[in-house]
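Structural features, examined
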There are 2 protein chains.
Amino acid sequence: MKSDPTTLPSLKSWVQSANAPDTDFPMQNLPFGVFQTADSPARVGVAIGSEILDLAALADVGLLHCEPGVFSRPRLNDFIALGRVAWRNVREQISALLSESNRTLQDDGGLRSKALISRAQATMLLPVDIPGYTDFYSSKEHATNVGMLFRDPQNALLPNWSEIPIGYNGRASSVVVSGTPVRRPNGQIKLPDQERPIFGPCRKLDLELETGFIVGVPNQLGDPIPCERAEQHIFGMVLLNDWSARDFQAWEYVPLGPFNAKTFATTISPWVVTMDALEPFRTAQPVQSPEPLPYLRHEGKHAFDIELEALLKPQQAAEPTTIAHTNFKYMYWSMAQQLAHHTVSGCNTRVGDLMGSGTISGPTRDSLGSLLEMTFNGRESITLKTGEKRAFIEDGDELVLRGWCQGEGFRVGFGTCHGVVLPAKPFE
Amino acid sequence: MKSDPTTLPSLKSWVQSANAPDTDFPMQNLPFGVFQTADSPARVGVAIGSEILDLAALADVGLLHCEPGVFSRPRLNDFIALGRVAWRNVREQISALLSESNRTLQDDGGLRSKALISRAQATMLLPVDIPGYTDFYSSKEHATNVGMLFRDPQNALLPNWSEIPIGYNGRASSVVVSGTPVRRPNGQIKLPDQERPIFGPCRKLDLELETGFIVGVPNQLGDPIPCERAEQHIFGMVLLNDWSARDFQAWEYVPLGPFNAKTFATTISPWVVTMDALEPFRTAQPVQSPEPLPYLRHEGKHAFDIELEALLKPQQAAEPTTIAHTNFKYMYWSMAQQLAHHTVSGCNTRVGDLMGSGTISGPTRDSLGSLLEMTFNGRESITLKTGEKRAFIEDGDELVLRGWCQGEGFRVGFGTCHGVVLPAKPFE
């Protein structure tokens, strides 16, 4: 961990729960989200320990200075659109207000009870309107594993993969916030012993353990974002579960890519962790060979040391089983390279665009980011704590993603990204 | 042509240019668009002959009844969101006001000069905010031709093609309105004689002659649109040019589909022709064999007889050359089948979603909807009126799409969908 202009002066808060070493939301984090309570409409907040700081309430009483009204909206987009200077300025104001030495809010019981809401009392909403969702495929281990299962085991990694941060356009309409139940989709399945496909509920429902970043500073059509400056266009990161119907996918994906296999739901975590909060956890990405083409080159470290976990909890189970433990730093292509590639054609981005990492698998058997890989496309199964086995996700299963950067005595966490799978609807 | 409740009572207008047999915009059409003039902001209009009827001006003086304000907005979305009853009601009011026998507007010179704007004086804008753009691949001839060029000539049509209305998520941010210049993109090109890709301007820039439909009545997540009712969810249709960088595409598209090859621009025509205007031109789609799975079945006729043309005009040429003449009715999969398939997984749609047909190629050499097919991926060339040859699009070329339904003594037209290609930007 290095000293950095993004490090904030005081890291201890008068909100005691923020000082616990295992909270995801200490002073070092201050992620932005949108929440509502039983008696108040949706508005912008920042997670601090077990609480939410209500930015709209603070702005209303003149304790937080920003563009009027941006925190009273049900999405972060208008705040994000203000740009990096505003993000940092608001972050600094919030850090000061929450700091142990600051008495303003701490000593004003009336205001505190209005502006500090227990996270347990709040419902989190989708933090951003997402104009476009792109999903990349940037883990070399994942791409190799999938290539072995779906294509040629001898040439699992396609020749274009090590030259291009391969990605595809996802479906933005069905991105949902953590906690939203996910309905098992119906679709076409091609069984090996039948000539024609059948239609019915997905039999190979899978998770994909991913992160996503939110575009904060857009580019105009025809005006690519250079790789060296690409990180400056990113507002922050979330956890992302790219639910996948593997049986639909195998049948539909040639030649235009996955479609119904992925359009039924994509879940993201509600708190957007800013790039400033992640800055101390910057690390080197894997060595890239061959050296990328010039438009994909950047000096310095562009990976982030983010521990990632996936957990599965059957409906009746007392506790979940950790089924994967991996790390964002295994990603071969950086977020900067993804964004530079996405826009090099002249493609424009918009505030709130979501860019998924692709499934992040590590090099070991317990670091695989999908059941497809863990069970060799269902040929094997994993065993849960309850003794139950899983080849793919079953109805009632809850999938939970977690992510955090481990500091010395604190963690900058993402909270959870979770969803329960509901049975497929009978098709009329 | 059959009699139908969607046929309007009087088909002759006091706007004389609307009665010419070759206008795209007679009384039978009344397409919706968004326009602005030098001295007025963007608002909703309807094309009539060589004029635009300003719906905001009519609503302001109480001559057009609808939800307040919807015609004063720079996009059609709020009007579209009112639903089919409102679309038809407004269409009937407009038809009555423009009818030869109606004196209200005809005799009020002051109001007429405010509410009737010459199309030549107006700038057309993107008619809808497009939350999602999906492009299908529904012409059997096109899919076969592409399969022969990119994959295996012996098995050109993939097995899934005749079971699934294959589609992929496109990039909504770069959908532009007709008239917007299109910058030749830079990207990765894999030359056969080199081990690694090069980076530079696209050498195989192509058009794709398509139509698109606009979703007017959305469905909720988890709630598929049945095929039999799918057409009722469609507001109207536009022409669509899905500009394509064939060299980028060939290198990048396996396994996740086209990406940078298509994200730099998609051009649509500015006037949305309603399903009511198209109704008299309903016709049978090609016979489907094998019979589609039950969720893709619908009774009756679900194609539309829409003549389509593509023209190419080199920068210095006096006039364009027609390079393709095809018809929307050649589409194997109907729009209803596309929408039913898109949502059968539970995927939700939103008002303004754009769904492209995919390149529409006919059965003959002069009915191919892309240069890729016309020139066998550049191995041959086409000869223009000027004597110039083209394998792919050159800088300065203007591409023009046209479409119309031919009635008896009139046509329901789409206007044009055009764009000039600018040279690639030098990459810094």
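Residues numbered from 1 in each chain as written. Chains lettered and ligands numbered in written order. Predicted model: local features only at pLDDT ≥ 70, side-chain atom pairs only at ≥ 80, totals over all residues. Heavy atoms only, no water.

Notes on the interface of chain B and chain A
Taken together, the contact pairs 62 residues of chain B with 62 residues of chain A. Each partner contributes to the roughly 5500 Å² buried at the junction of chain B and chain A, and carbon and sulfur atoms together form 59% of this total. Contact with chain A buries surface across chain B, with Arg-171, Leu-256 and Phe-259 of chain B losing the most and accounting together for 14% of the total. Inspection of the region where chain B meets chain A yields 4 salt bridges. Where Asp-353 of chain B meets Arg-171 of chain A, a salt bridge forms, and the shortest distance between an N and an O atom there is 2.6 Å. The interface formed by chain B and chain A contains 25 residue pairs in polar contact (both at pLDDT 80 or more). Elements supplying a minimum of two residues to the side of chain B that touches chain A: strand S6 (133-136), strand S7 (167-169), strand S10 (186-189), strand S11 (198-201), helix H6 (246-252) and helix H8 (335-344) of chain B. Along the lines of polarity and charge, the residues of the side of chain B that touches chain A split into 33 nonpolar, 19 polar and 10 charged. (Contact = heavy atoms within 4.5 Å. Buried area = accessible area lost by both parts, 1.4 Å probe. Salt bridge = Lys/Arg side-chain N within 4 Å of Asp/Glu carboxyl O. Polar contact = N/O pair within 3.5 Å; in protein donor to acceptor, adjacent residues only side chain to side chain. Helix = DSSP H or I, 4+ residues; strand = E, 2+ residues; numbered from the N terminus. Nonpolar A, V, L, I, M, F, W, Y, C, P; charged D, E, K, R; others polar.)

As for the packing of aromatic side chains
Across all of its chains, the model carries 24 aromatic pairs over all chains by this definition. Judged by centre distance (6.3 Å) and plane angle (65°), the ring pair of Phe-281 of chain B and Phe-410 of chain B falls under edge-to-face. Highlighted residues: Phe-281 of chain B in the loop between helix H7 (275-278) and strand S18 (282-283) and Phe-410 of chain B in the loop between strand S25 (398-406) and strand S26 (411-422), separated in sequence by 129 residues. Of the two residues, Phe-281 of chain B and Phe-410 of chain B, neither departs from the other in class, the shared state being buried. Above the ring of Trp-404 of chain A, the side-chain terminus of Arg-411 of chain A is found at 4.4 Å from the ring centroid. (Phe/Tyr/Trp six-rings, centres within 6.5 Å; stacked < 30°, edge-to-face > 60°. Buried < 20%, exposed > 50% of the residue type's maximum accessible area, 1.4 Å probe, protein only. Lys NZ or Arg CZ within 6 Å of the ring centre and 35° of its normal.)

Regarding helix H5 (residues 140-150) of chain B
Residues and elements named next belong to chain B. For H5, the full list of buried residues reads His-142, Ala-143, Val-146, Gly-147, Leu-149 and Phe-150. One face of H5 carries all of its buried residues, which in axial projection span an arc of 165°. Its buried side turned inward, H5 meets H6 and helix H9 (371-374). (Arc of directions from axis to C-beta.)

Side note on the pairing of strand S14 (residues 234-241) of chain A
Residue and element names in this part refer to chain A. Counting buried residues along S14, 8 of its 8 residues qualify, which places the element largely inside the surrounding structure. Of the pairings in the sheet, the one linking strand S13 (residues 209-215) to S14 comprises 7 bridges and is antiparallel in character. Of the residues in S14, the one forming a bridge with Glu-210 is Leu-240. For S14 and strand S17 (residues 273-274), the ladder comprises 2 bridges, and the chain directions are antiparallel. Directly across from Gly-236, in S17, lies its bridge partner Thr-274. Sheet topology note: the S14/strand S16 (residues 266-268) ladder contains 2 bridges and is antiparallel. If you follow Asn-241 over to S16, its bridge partner there is Thr-267. (Pairing = 2+ DSSP bridges.)

Description of the pattern of salt bridges
Going through the model one piece at a time under the given rule, you end up with 44 salt bridges over all chains. Of the charged contacts, one joins Glu-163 of chain B and Arg-196 of chain A as a salt bridge, the two residues approaching to 2.7 Å between their closest N and O atoms. Of the two residues, Glu-163 of chain B is situated in the loop between H5 and S7 and Arg-196 of chain A in the loop between strand S10 (186-189) and strand S11 (198-201); the pairing between them involves two chains. For Arg-196 of chain A, a relative accessible area of 30% puts it in the partly exposed group.

Function cannot be inferred from these measures alone, as they are strictly geometric.
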